[in-house]
Amino acid sequence: VGGETSVFLFFFFTDTATNEIYTLSLHDALPIYGNYAFFSDTSLRSPAIDLSGIESATLEFAQFLDVEPPEGGTFFDGAEINILDANDNLLVQLSLTGGRVQTWRNIVIPIPGNIVGQIIKIEFRFYSDDFEALGVQAGWYIDDVAVRGI
(Lines give C-alpha, C1' and ligand atoms only; values in the text may rest on other atoms or scores of the structure.)
Protein backbone atom coordinates (compact mmCIF):
# COMPACT_ATOMS: atom_id res chain seq x y z
CA VAL A 1 0.00 0.00 0.00
CA GLY A 2 2.01 3.12 1.15
CA GLY A 3 1.62 5.13 -2.07
CA GLU A 4 1.43 2.09 -4.31
CA THR A 5 -1.54 0.11 -5.54
CA SER A 6 -2.10 -3.27 -3.93
CA VAL A 7 -4.29 -5.49 -6.05
CA PHE A 8 -5.86 -8.52 -4.45
CA LEU A 9 -5.10 -11.43 -6.73
CA PHE A 10 -6.98 -13.97 -4.67
CA PHE A 11 -10.17 -13.98 -2.68
CA PHE A 12 -11.78 -16.75 -0.71
CA PHE A 13 -15.36 -17.53 -1.72
CA THR A 14 -17.71 -19.14 0.78
CA ASP A 15 -21.12 -20.56 -0.09
CA THR A 16 -23.06 -20.85 3.16
CA ALA A 17 -25.57 -23.23 1.61
CA THR A 18 -22.85 -25.86 1.08
CA ASN A 19 -20.06 -24.54 3.35
CA GLU A 20 -17.66 -24.93 0.43
CA ILE A 21 -14.69 -22.57 0.25
CA TYR A 22 -13.03 -21.74 -3.06
CA THR A 23 -9.97 -19.67 -3.90
CA LEU A 24 -10.61 -17.42 -6.88
CA SER A 25 -8.48 -15.10 -8.95
CA LEU A 26 -9.66 -11.63 -9.99
CA HIS A 27 -8.13 -11.67 -13.46
CA ASP A 28 -11.57 -11.42 -15.05
CA ALA A 29 -14.87 -10.03 -13.87
CA LEU A 30 -15.98 -12.20 -11.00
CA PRO A 31 -19.64 -12.77 -10.18
CA ILE A 32 -20.28 -12.79 -6.48
CA TYR A 33 -23.60 -14.20 -7.49
CA GLY A 34 -25.05 -14.21 -11.02
CA ASN A 35 -28.70 -15.03 -11.81
CA TYR A 36 -28.93 -15.69 -8.14
CA ALA A 37 -31.14 -18.12 -6.27
CA PHE A 38 -33.46 -17.53 -3.33
CA PHE A 39 -31.78 -17.27 0.08
CA SER A 40 -28.30 -16.68 -1.37
CA ASP A 41 -25.61 -15.70 1.13
CA THR A 42 -22.15 -15.66 -0.40
CA SER A 43 -18.98 -13.75 0.29
CA LEU A 44 -15.54 -13.02 -1.10
CA ARG A 45 -12.87 -12.26 1.47
CA SER A 46 -9.38 -10.91 0.84
CA PRO A 47 -6.24 -12.16 2.54
CA ALA A 48 -4.89 -9.93 5.32
CA ILE A 49 -3.85 -6.44 4.16
CA ASP A 50 -1.39 -4.48 6.29
CA LEU A 51 -2.36 -0.79 6.39
CA SER A 52 0.24 0.19 8.97
CA GLY A 53 2.42 3.18 8.14
CA ILE A 54 -0.04 4.93 5.83
CA GLU A 55 -2.10 8.07 6.40
CA SER A 56 -5.21 7.31 4.34
CA ALA A 57 -6.55 4.59 2.07
CA THR A 58 -9.35 3.90 -0.40
CA LEU A 59 -10.98 0.75 -1.67
CA GLU A 60 -11.43 0.89 -5.45
CA PHE A 61 -13.17 -1.56 -7.78
CA ALA A 62 -15.50 -1.84 -10.76
CA GLN A 63 -18.98 -3.31 -10.31
CA PHE A 64 -22.02 -4.36 -12.30
CA LEU A 65 -25.13 -4.51 -10.12
CA ASP A 66 -28.53 -5.95 -11.01
CA VAL A 67 -30.39 -6.99 -7.86
CA GLU A 68 -33.73 -6.33 -6.23
CA PRO A 69 -33.88 -2.65 -5.20
CA PRO A 70 -34.47 -1.77 -1.54
CA GLU A 71 -37.95 -0.86 -0.37
CA GLY A 72 -38.35 1.86 2.22
CA GLY A 73 -34.69 1.58 3.20
CA THR A 74 -34.87 -2.21 3.70
CA PHE A 75 -32.53 -4.36 1.62
CA PHE A 76 -34.10 -7.74 0.88
CA ASP A 77 -31.28 -8.46 -1.59
CA GLY A 78 -28.06 -6.66 -0.72
CA ALA A 79 -24.52 -6.08 -1.94
CA GLU A 80 -22.47 -5.40 1.19
CA ILE A 81 -18.82 -4.46 1.69
CA ASN A 82 -17.27 -4.97 5.12
CA ILE A 83 -13.88 -4.41 6.68
CA LEU A 84 -12.82 -7.17 9.04
CA ASP A 85 -9.86 -7.40 11.39
CA ALA A 86 -7.17 -10.07 10.94
CA ASN A 87 -9.31 -12.50 12.97
CA ASP A 88 -12.38 -12.00 10.74
CA ASN A 89 -14.27 -9.81 13.23
CA LEU A 90 -16.37 -7.01 11.70
CA LEU A 91 -14.79 -3.57 12.12
CA VAL A 92 -17.11 -1.53 9.88
CA GLN A 93 -19.62 -1.89 7.08
CA LEU A 94 -18.30 0.29 4.25
CA SER A 95 -21.26 -0.04 1.93
CA LEU A 96 -24.68 -1.63 1.52
CA THR A 97 -26.42 -1.24 -1.81
CA GLY A 98 -28.95 -2.81 -4.14
CA GLY A 99 -30.86 -1.98 -7.28
CA ARG A 100 -30.62 -2.22 -11.01
CA VAL A 101 -27.61 -0.23 -12.21
CA GLN A 102 -26.99 -2.68 -15.10
CA THR A 103 -23.79 -1.07 -16.29
CA TRP A 104 -20.17 -1.18 -15.15
CA ARG A 105 -19.23 1.62 -12.76
CA ASN A 106 -16.00 2.45 -10.99
CA ILE A 107 -16.43 2.72 -7.24
CA VAL A 108 -14.10 4.48 -4.78
CA ILE A 109 -14.80 4.18 -1.05
CA PRO A 110 -12.61 5.87 1.59
CA ILE A 111 -11.43 3.55 4.34
CA PRO A 112 -12.27 5.21 7.67
CA GLY A 113 -9.35 6.86 9.45
CA ASN A 114 -9.77 4.75 12.58
CA ILE A 115 -9.23 1.61 10.44
CA VAL A 116 -6.07 2.84 8.68
CA GLY A 117 -2.97 1.53 10.44
CA GLN A 118 -4.46 -1.91 11.14
CA ILE A 119 -4.24 -5.28 9.46
CA ILE A 120 -7.58 -5.79 7.73
CA LYS A 121 -9.52 -7.99 5.34
CA ILE A 122 -12.06 -6.79 2.79
CA GLU A 123 -15.29 -8.78 2.48
CA PHE A 124 -17.73 -8.51 -0.42
CA ARG A 125 -21.00 -10.18 0.65
CA PHE A 126 -24.18 -10.77 -1.31
CA TYR A 127 -27.47 -12.00 0.13
CA SER A 128 -31.04 -12.42 -1.09
CA ASP A 129 -34.50 -13.34 0.16
CA ASP A 130 -37.10 -15.64 -1.41
CA PHE A 131 -38.81 -13.16 -3.74
CA GLU A 132 -37.96 -11.85 -7.22
CA ALA A 133 -39.78 -8.53 -7.50
CA LEU A 134 -38.43 -7.92 -11.00
CA GLY A 135 -37.91 -11.49 -12.22
CA VAL A 136 -34.49 -13.07 -12.75
CA GLN A 137 -31.65 -10.60 -12.25
CA ALA A 138 -27.97 -10.83 -13.15
CA GLY A 139 -26.56 -10.33 -9.63
CA TRP A 140 -23.38 -8.55 -8.53
CA TYR A 141 -20.10 -8.63 -10.42
CA ILE A 142 -16.83 -7.05 -9.30
CA ASP A 143 -13.48 -6.53 -11.03
CA ASP A 144 -10.21 -4.59 -10.69
CA VAL A 145 -10.20 -4.52 -6.87
CA ALA A 146 -7.44 -2.45 -5.28
CA VAL A 147 -6.57 -0.66 -2.07
CA ARG A 148 -4.69 2.61 -2.56
CA GLY A 149 -2.91 4.32 0.27
CA ILE A 150 -0.66 7.31 0.96
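For every chain, the first residue of the written sequence is number 1, and numbering continues from 1 along that sequence. Owing to the predicted nature of the model, reporting of local features is limited to residues with pLDDT of at least 70; listing and counting of side-chain atom pairs is limited to 80 or more, with chain, interface and lining totals taken over all residues. Think of the side-chain values as coming from all heavy atoms in the structure, minus any hydrogens and water.

(A) Spotlight on the overall build of the protein. Helix numbers and strand numbers start at the N terminus; a helix is a DSSP run of H or I with at least 4 residues, a strand a run of E with at least 2. Check the secondary structure of the protein and you find zero helices and 12 strands. For the protein, the succession of helices and strands along the chain, N to C, is β-β-β-β-β-β-β-β-β-β-β-β. Looking at the protein as a whole, 42% of its 150 residues qualify as buried. Across the protein, the fraction of contacts at a sequence separation of at least 24, relative to all contacts at a separation of at least 6, is 79%. Per-residue accessibility takes into account occlusion by the displayed protein chains alone, with areas from the Shrake-Rupley method and a 1.4 Å probe. For the protein, the accessible surface area stands at approximately 7,500 Å², while carbon and sulfur atoms represent 51% of it. Only protein chains enter the calculation, and the probe is 1.4 Å; a residue is then buried if its accessible area is under 20% of its type maximum, exposed if over 50%, and partly exposed in between. Working rule for contacts: check all heavy atoms of both residues, and any pair within 4.5 Å makes them a contact.

(B) Representation of the nonpolar core. The term nonpolar core refers to a set of buried residues drawn from Ala, Val, Leu, Ile, Met, Phe, Trp, Tyr and Cys, joined through side-chain atoms within 4.5 Å. In terms of nonpolar packing, the biggest core is built from 25 residues, with Leu59, Ile81, Ile111 and Phe124 touching the most fellow members. When contributions to this core are tallied by element, the ones reaching two or more residues are β7 (57–66), β8 (78–85), β10 (105–111), β11 (119–127) and β12 (139–149).

(C) How the structure looks around the packing of aromatic side chains. Within 6.5 Å between ring centres, the rings of Phe, Tyr and Trp (the latter by its six-membered ring) count as paired, and their orientation is classed by plane angle as stacked under 30 degrees, edge-to-face over 60, tilted in between. Tallied over the full model, the rule gives four aromatic pairs. Measuring from centroid to centroid gives 6.2 Å for Phe64 and Trp104, while their planes differ by 55°, and the two rings are tilted. With a gap of 40 residues between them, Phe64 in strand β7 and Trp104 in the loop between β9 (90–97) and β10 connect regions that are remote in the sequence. The buried category is assigned to Phe64, whose relative accessible area is 18%. Measuring from ring centre to ring centre gives 6.1 Å for Phe64 and Tyr141, while their planes differ by 80°; the resulting arrangement is edge-to-face. Pair noted here: Phe64 is in strand β7 and Tyr141 is in strand β12, with a separation of 77 residues, a long-range link.

(D) Examining the side chain of Glu60 more closely. Within the element layout of this structure, Glu60 appears in strand β7. Here the side chain of Glu60 touches Arg148 through a polar contact of 2.5 Å, side chain to side chain. Excluding residues that lie within four positions of it along the chain, Glu60 makes contacts with Ile107, Val108, Asp144, Val145, Ala146 and Arg148. A 3.5 Å cut-off defines polar contacts: any pair of N or O atoms within that distance qualifies, except that in protein one atom must be a possible hydrogen donor and the other a possible acceptor, and neighbouring residues in sequence count only when both atoms are side-chain atoms.

(E) The arrangement of the environment of Tyr141 in detail. With relative accessibility at 22%, the residue Tyr141 sits in the partly exposed group. In this structure, the C-alpha to C-alpha distance between Tyr141 and Gln63, residues 78 residues apart in sequence, is 5.4 Å.

(F) Local environment of the pattern of salt bridges. Salt-bridge detection follows one rule: a side-chain nitrogen of Lys or Arg within 4 Å of a carboxyl oxygen of Asp or Glu. This structure, assessed with the given rule, holds five salt bridges. Ionic pairing is found between Arg45 and Asp88, a salt bridge with its closest N-O pair at 3.6 Å. Taken together, the residues Arg45 in strand β5 (residues 41–45) and Asp88 in the loop between β8 and β9 connect sequence positions 43 residues apart. When its relative accessible area of 24% is taken as the criterion, Arg45 is described as partly exposed. Look at Asp88 and you get partly exposed, because its relative accessible area is 35%. Of the charged contacts in the structure, one is a salt bridge between Arg125 and Glu80, with a shortest N-O distance of 3.2 Å. Highlighted residues: Arg125 in strand β11 and Glu80 in strand β8, separated in sequence by 45 residues.

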